[in-house]
Amino acid sequence: MAFSDIPLEQKQAALHDLKEIKALFAARSWFPGTSGNLSVRVGEFSPEQFYFAVTASGKDKSVHTPEDYLFVDQDGAPSEATGLKPSAETLIHCEIYRKTGCGAIFHVHTIDNNLISDWYGEQGYVPAQGIELIKAFNIWDEDAAIRIPVLPNYADIPRIAELVPDALDPAVPGVLLRNHGIYAWGKNAFEAKKHLEAFEFIFEYSYRRLLLNAASTK
Ligand SMILES: CSC[C@@H](O)[C@@H](O)C(=O)COP(=O)(O)O
Ligand SMILES: [Zn+2]
C-alpha cells in the first residue's frame, strides 16, 4: 500500500490523537526541555511496509503549531515532501512497530523512569511483582511478576534501535533506555496511554518501595 492510498480521514484521526495526547502529557510536565516523542501508525501493517505520524524533532511539545508532526515510512523517511525533521528517535519507533505491529508509541522522560532505569540498569530489567497496575498490561495472574527491559542509552540511536527487537518481551508493552526514558505502546493511542500510565505508576511505586526498604533497615 502506497502512502497516498491511505484514506485522508485515517491520517487526520492519527494527527487528532497525537494532538490530544501531546496536550495531556504536556499538562503533566512529561515533556521537559523538548524531550519526548509520540507516534501513531496509519494504514495497513506488514513488517516490510508501514507508515506512521511522528512528532517533529526538537519542538516544544507543550505548544501546538502547524509544524508539530509529519508522516514517515518503515525506515523513518518522510512520506511526503516536508521541511520538518522527524524525531531523532524515529528509528526506535520503527523497530518497535516492525516487531510488535502496534498502533501507537509514546516516549516520555520522567524523574521516576530515569531513576529506576538507572538503579536496575546493570541487570538489564526492572522487576515488578504484585502491583495491581500490572493488570493494565492484560496480565491477570495473582501476584504476577514482570520484567521491564532496560537498554543502554547510546548516543548513536541506530545502535540502540538494533538492540530493540531482541530486548522486547511480548507480554510487556514497554522498554526503558537507561537514564533517559520509556517507550510504551499499544494497539491504539488509548491503549498506549493506558500502558504508559501503568508503567509510570510502577516506577514511582518501585522508587518509593526502595526508599521504604532502605529506611526500615536503618
Ligand atoms: C532535549 S533532551 C531529549 C532528546 O535528546 C530526546 O531524547 C527526545 O526525547 C526528544 O527528541 P526529539 O528529536 O525531539 O524527538
Ligand atoms: Zn528521549
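What you see is a predicted model, and the numbers here were worked out from it, not measured in a lab. (Residues numbered from 1 in each chain as written. Chains lettered and ligands numbered in written order. Predicted model: local features only at pLDDT ≥ 70, side-chain atom pairs only at ≥ 80, totals over all residues. Heavy atoms only, no water.)

Chemist: Please give an account of helix α2 (residues 90-100) that cites residues and values.
Modeler: Among all positions of α2, only Thr90, Ile92, His93, Cys94, Glu95, Ile96 and Tyr97 are buried. Two residues or fewer past α2, Gly101 is found with a positive phi of approximately 70°. (Buried < 20%, exposed > 50% of the residue type's maximum accessible area, 1.4 Å probe, protein only. Helix = DSSP H or I, 4+ residues; strand = E, 2+ residues; numbered from the N terminus.)

Chemist: Provide a residue-level description of the packing of helix α1 (residues 8-27) against helix α6 (residues 189-216), including the pertinent values.
Modeler: Contact geometry of α1 with α6 gives a least axis separation of 11 Å together with a crossing angle of 20°. Here α1 is positioned roughly parallel relative to α6, judged by the angle of their axes. Between α1 and α6 the crossing geometry is right-handed. Each of Asp17, Ile21, Leu24 and Phe25 in α1 lies in contact with α6, whose residues at this interface are Ala189, Lys193 and Leu196. (Axes fitted to C-alpha atoms, helices over the stretch in contact; angles between N-to-C directions. Parallel < 35°, antiparallel > 145°, perpendicular 65-115°, else oblique. Left-handed = near helix turned anticlockwise from the far one by under 90°. Contact = heavy atoms within 4.5 Å.)

Chemist: Any details on the site of ligand 1? Residues and values, ideally.
Modeler: Taken together, the neighbourhood of ligand 1 is formed by 14 residues, with Ser57, Gly58, Lys61, Ser87 and Glu89 sitting nearest. A distance of 2.5 Å separates an oxygen atom of ligand 1 from a polar atom in the side chain of Glu89. His180 places a polar side-chain atom, nitrogen or oxygen, 2.9 Å from an oxygen atom of ligand 1. Burial of ligand 1 by the protein amounts to 73% of the accessible area it has alone, namely 410 Å². Looking at the shell around ligand 1, its residues break down into one nonpolar, 11 polar and two charged. (Near = heavy atom within 4 Å. Polar contact = N/O pair within 3.5 Å; in protein donor to acceptor, adjacent residues only side chain to side chain. Areas by Shrake-Rupley, 256 points an atom, 1.4 Å probe, with all protein chains shown as cover. Nonpolar A, V, L, I, M, F, W, Y, C, P; charged D, E, K, R; others polar.)

Chemist: Mind laying out the confidence of the model for the protein chain, listing which residues take part and the relevant values?
Modeler: Mean pLDDT over the protein chain works out to 98, with 100% of the residues at or above the 70 mark. Confidence estimates for the predicted assembly give a pTM of 0.98 and an ipTM of 0.97. (pLDDT = per-residue confidence, 0-100.)

Chemist: Got a sec to walk through the coordination of the zinc ion (ligand 2)? Specific residues and values, please.
Modeler: Protein coordination of the zinc ion (ligand 2) is provided by Glu89 (OE), His107 (NE2), His109 (NE2) and His180 (NE2), with donor distances spanning 2.1 to 2.8 Å. For the zinc ion (ligand 2), all donor residues lie on one chain, and their spacing in sequence is E-x17-H-x1-H-x70-H. Of this pair, His109 sits in the loop between β4 (104-108) and α3 (111-119) while His180 sits in the loop between β7 (174-177) and β8 (181-186), and the two are 71 residues apart along the sequence. Looking at His180, the relative accessible area reads 8%, which means it is buried. (Donors = N, O, S within 2.8 Å, 3.2 Å for Na, K, Ca; no water.)

Chemist: Tell me about the pairing of β7, and please be specific about residues and values.
Modeler: Residues Gly174 and Leu176 of β7 are buried on one face, and the alternating residues Val175 and Leu177, pointing to the opposite face, are buried as well. Pairing analysis gives two bridges linking strand β6 (residues 145-151) to β7, with the strands arranged parallel. Looking at the pairing, Val150 lines up with Leu176 of β7. Where β7 meets β8, four bridges bridge the pair, whose relative direction is antiparallel. (Pairing = 2+ DSSP bridges.)

Chemist: Quick rundown of the side chain of His180? Include the residues and the values.
Modeler: Within polar-contact distance, the side chain of His180 engages the side chain of Glu89 at 3.2 Å. A distance of 2.8 Å separates polar atoms of two side chains, one belonging to His180 and the other to Asn153. When sequence neighbours within four positions are dropped, the list of residues in contact with His180 reads Glu89, His107, His109, Asn113, Asn114, Ser117 and Asn153.

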